[in-house]
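Listed here are the chains, written in short residue letters.
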Amino acid sequence: MHDRMMQFIAMIGARVQKESASVQSLAGKASEWSVATQGLAGMLLPFLAFFTVYKLFQWTCRQSATRSSPTSTRTKEKPSVGAADAAAGQTPNANKNRDPGAWTPERFHYPQIYTCPHDLPNIKPIPYRPFRWGEYHVTMGIRSMPWSEWIELDSEFQFYQRVREFRLRTRGEDVVRVLPRRADDAATVPGGADAAKELVYELAEYLSRRYPSSFRVTRLPQSMLPVPSIGGVPLGWDGQMPIRTIEAVETGITYHLSELESLEGTDMGSDGKYYFQAGSICVAGFWRMKDKIGKTLDEIHLSGNVPQFKEKLQVSMERFFRRMAVDKPVIRNNYFIQVVKPSKEGRAEEEGRSNNMEEVASDVDPEELGWSESTNGPEDSLQHGHGHSASPASYLAPGTIRLRSERQTLRRLPRTGAIVFGIRTYLFKVEDLVKEKGVAGRLASAIRSWPDDVATYKGRKMYREVLLGYLDGRAEKEGIRTGPMEGMLPYPY
């Protein structure tokens, strides 16, 4: 696929029978995908990142930037039901008691996707504030995801796309890659091409329903044979013919899904493990795909020194992925603190520059969305599992500190059984956050509550003195330092 084709971290977890099949996520599965396919992913998921083994995406439309009640603009949906084609002999629970690594392709009946009532330029980023007062707890922190909220796009679309395209041009396989089938004495791990292919079709179907004014599609004629499918299940939704092309209106680029037909390979193994076999990780910011791709879910977290993973997360996470159903997508949020270089140029000026190879990261990405050099040092010299290698910046100040928050979604694909992990990253200026009622005190409380291992993982030593001093001062003026007050929005807003 085209490198740009996946802006999510596209990691699709595949189980392995000593075979493991990872599933790529739309966010960018592999450098080995066709150029057209990669381009499609980049365009379709400008804010997302896909990570093998999980998939998460939420889609939310907001009419204003104010922190209104999160339920006020969300649609109420009945629980979705994964249905099977009786004529094909499938049942909704065909995979419920499957053997490890086995998967029967499902003809899933998709719930209604509600159209976003606003055009992208009029949708402001959702103000996620995923930190709490009081004691810090290490949990998966997942909650159910309404189907209409799989993918979030907003007025930042053009800027994020510009950063992703720059990363694709300059980093190549470091940000978009799909691994081929491989084998050793311990396991045979199939490639994730079929999962990547399925994901692109899923995105095209979803985006054209959710954002019909921004993504326009054409479909194959009824006379087309053979019909593009995986495991005997056609790649169209609701009994329609599969999508032929999708146009991203904001960029004027049309992508041909027929390019995906050259992708092959999605067997599932039987050892119950999930492998990172493909990904589009253009704006990971704090980690590099090359340090994780090809590894199992456990290895990814353990090698990255994720705090308390083995003690509190490993067993429950493996169980969750093993049992995850097609009709039960979930979402979670996380956050980090990031430092950026001071910039005199705004995004408006940056967007007006020509798109050429002479551009440098600081021109295209002044907020360090793609790579957090001010926090983690040069990307090529990062020591995996030992981040935050940069020395405290001389320009460290409240004006150069950002809250970096990820909105992560997890969804299992019905045809391949792959799990897609999608990531939409948000960057918020701390100087803007403290203008919101109670946020300064709540963020200060959260940062102080981190156990030592979490504090090291999040790099607190670098910014603690400056940030907490600033937050405490603002909280003192506001008179909210010890806990929530009536009228404040619930987690994660």
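Being a predicted model, the structure only gives us computed values, none of them experimental.

Peer 1: Hey, could you run me through the packing of aromatic side chains in this one?
Peer 2: By convention here, two paired aromatic rings are described through the distance between centres and the angle between planes. If you walk through the whole model with that rule in mind, you get 16 aromatic pairs. Seen from their ring centres, F157 and F215 are 6.3 Å apart, and the 75° between their planes marks the pair as edge-to-face. One end of the pair, F157, is in helix α2 (residues 157-171); the other, F215, is in strand β7 (residues 215-219), with 58 residues separating them in the sequence. Since its relative accessible area comes to 2%, F157 is described here as buried. Given a relative accessible area of 1%, F215 falls into the buried group. Both rings, one in Y426 and one in F428, keep their centres 5.9 Å apart while their planes meet at 5°; by these two values the pair is stacked. Of the aromatic side chains, those joined through ring pairs into one cluster are F108, Y110, W147 and W237. When the ring centre of Y426 is taken as reference, the NZ or CZ atom of R424 above it lies at 3.9 Å. Directly above the aromatic system of W450 lies the positively charged group of K458, at a separation of 5.4 Å from the ring centroid.

Peer 1: Would you explain helix α3 (residues 193-210) in this entry?
Peer 2: An α-helical turn contains 3.6 residues, so a residue and the one three or four places further along point in the same direction. In a regular helix each residue adds 1.5 Å, so 18 residues correspond to 26 Å; α3 covers 26 Å between its end C-alpha atoms and thus fits that length. Burial of α3 is extensive: 18 of the 18 residues sit out of reach of the surface.

Peer 1: Would you take a moment to explain helix α12 (residues 460-478) for this structure?
Peer 2: A bend of about 35° at V466 is the largest found in α12. Taken together, the buried positions of α12 are R460, M462, Y463, L467, L468, Y470, L471, D472 and A475. In this structure, the buried residues of α12 make contact with β14 (330-339), α8 (373-376), β15 (401-412), α9 (430-433), α10 (439-449) and α11 (452-457). Residue G479 follows α12 closely and has a positive phi angle near 80°.

Peer 1: How should the pattern of salt bridges be read in this particular structure?
Peer 2: Any two side chains of opposite charge can pair if their charged atoms end up close together. All told, the structure shown has 19 salt bridges when counted by the stated rule. The residue R171 makes a salt bridge to E379 at a minimum N-O spacing of 3.8 Å. Taken together, the residues R171 in helix α2 and E379 in the loop between α8 and β15 connect sequence positions 208 residues apart. When sorted by exposure, R171 lands in the same class as E379, which is buried. As a salt-bridge pair, E202 and R411 come within 2.4 Å of each other at their nearest N and O atoms. Pair noted here: E202 is in helix α3 and R411 is in strand β15, with a separation of 209 residues, a long-range link. The same class applies to E202 and to R411, which are both buried. Through salt bridges with shared partners, a single network forms among R167, R171, D174, E379 and D380.

Peer 1: Even after reading the chapter, I still don't get the side chain of E367, so can you show me in this structure?
Peer 2: Of note, E367 is situated in the loop between α7 (361-364) and α8. The exposure class assigned to E367 is buried, which follows from its relative accessible area of 11%. Among the polar contacts listed, one links the side chain of E367 to the side chain of R402, at a separation of 2.6 Å.

Peer 1: Explain unusual backbone geometry to me, please; I cannot follow it from the model alone.
Peer 2: What is expected of a backbone is that most residues other than glycine have negative phi and most peptide bonds are trans. Put simply, L225 and P226 share a cis peptide bond, and its omega is -5°. Positionally, P226 belongs in the loop between β7 and β8 (229-230). A cis amide bond links Y491 with the next residue in sequence, P492, at an omega value of 5°. The residue P492 is located in the segment after α12 in this model. Its identity as a non-glycine residue notwithstanding, Q308 has a phi of 60°, on the positive side. With respect to the element layout, Q308 can be found in the loop between α4 (297-303) and α5 (309-323). Of note, E368 is a non-glycine position whose phi angle comes to about 55°, a positive value. Mapped onto the secondary structure, E368 falls in the loop between α7 and α8.

Peer 1: Is there a simple way to think about the confidence of the model for the protein chain in this case?
Peer 2: Interpreting fine coordinate detail is not advised for predicted regions of low pLDDT. When the pLDDT values of the protein chain are averaged, the result is 78; 75% of them are 70 or greater. Counting interchain partners and residues more than four positions distant, the pLDDT-below-50 stretch residues 1-89 has 529 contacts. Across residues 265-270, where pLDDT falls below 50, the model places 35 contacts with residues more than four positions away in sequence or in other chains.

Peer 1: How should empty space enclosed by the protein be read in this particular structure?
Peer 2: The rolling of a water-molecule-sized probe over the atoms marks out the regions of remaining empty space. Evaluation of the coordinates by the stated rule reveals one cavity of 30 Å³ or more. Taken as a whole, the largest cavity encloses approximately 40 Å³ of empty space. For the largest cavity, the full set of lining residues is R167, D174, V175, I281, A284, G285, W287, R288, M289, G370 and E379. Classifying every residue of the lining of the largest cavity by side-chain character gives five nonpolar, two polar and four charged.

Peer 1: When you look at the packing of α10 against α12 in this model, what are you seeing that I'm missing?
Peer 2: For any two helices packed against each other, one specifies the crossing angle of their axes together with the interaxial distance. At their nearest, the axes of α10 and α12 sit 9 Å apart, and the two run at 145° to each other. The crossing of α10 and α12 is left-handed. In this structure, α10 uses A440, G441, L443, A444, I447 and R448 to contact α12, whose residues at the interface are R460, L467, L468, L471, D472, R474 and A475. Looking at the contact of α10 with α12 residue by residue, the class counts come to eight nonpolar, one polar and four charged.

Calculation criteria
- Residues numbered from 1 in each chain as written.
- Predicted model: local features only at pLDDT ≥ 70, side-chain atom pairs only at ≥ 80, totals over all residues.
- Heavy atoms only, no water.
- Phe/Tyr/Trp six-rings, centres within 6.5 Å; stacked < 30°, edge-to-face > 60°.
- Helix = DSSP H or I, 4+ residues; strand = E, 2+ residues; numbered from the N terminus.
- Buried < 20%, exposed > 50% of the residue type's maximum accessible area, 1.4 Å probe, protein only.
- Lys NZ or Arg CZ within 6 Å of the ring centre and 35° of its normal.
- Expected span 1.5 Å × (residues − 1).
- Bend = angle between axes of the 7 residues up to and from the residue.
- Contact = heavy atoms within 4.5 Å.
- Salt bridge = Lys/Arg side-chain N within 4 Å of Asp/Glu carboxyl O.
- Polar contact = N/O pair within 3.5 Å; in protein donor to acceptor, adjacent residues only side chain to side chain.
- pLDDT = per-residue confidence, 0-100.
- 1 Å grid on protein atoms, 1.4 Å probe; cavity = no way out; pocket = protein on both sides within 12 Å on 5 of 7 lines; lining within 4 Å.
- Points joined across faces, edges and corners; volume = space filled by probe spheres on them.
- Nonpolar A, V, L, I, M, F, W, Y, C, P; charged D, E, K, R; others polar.
- Axes fitted to C-alpha atoms, helices over the stretch in contact; angles between N-to-C directions.
- Left-handed = near helix turned anticlockwise from the far one by under 90°.

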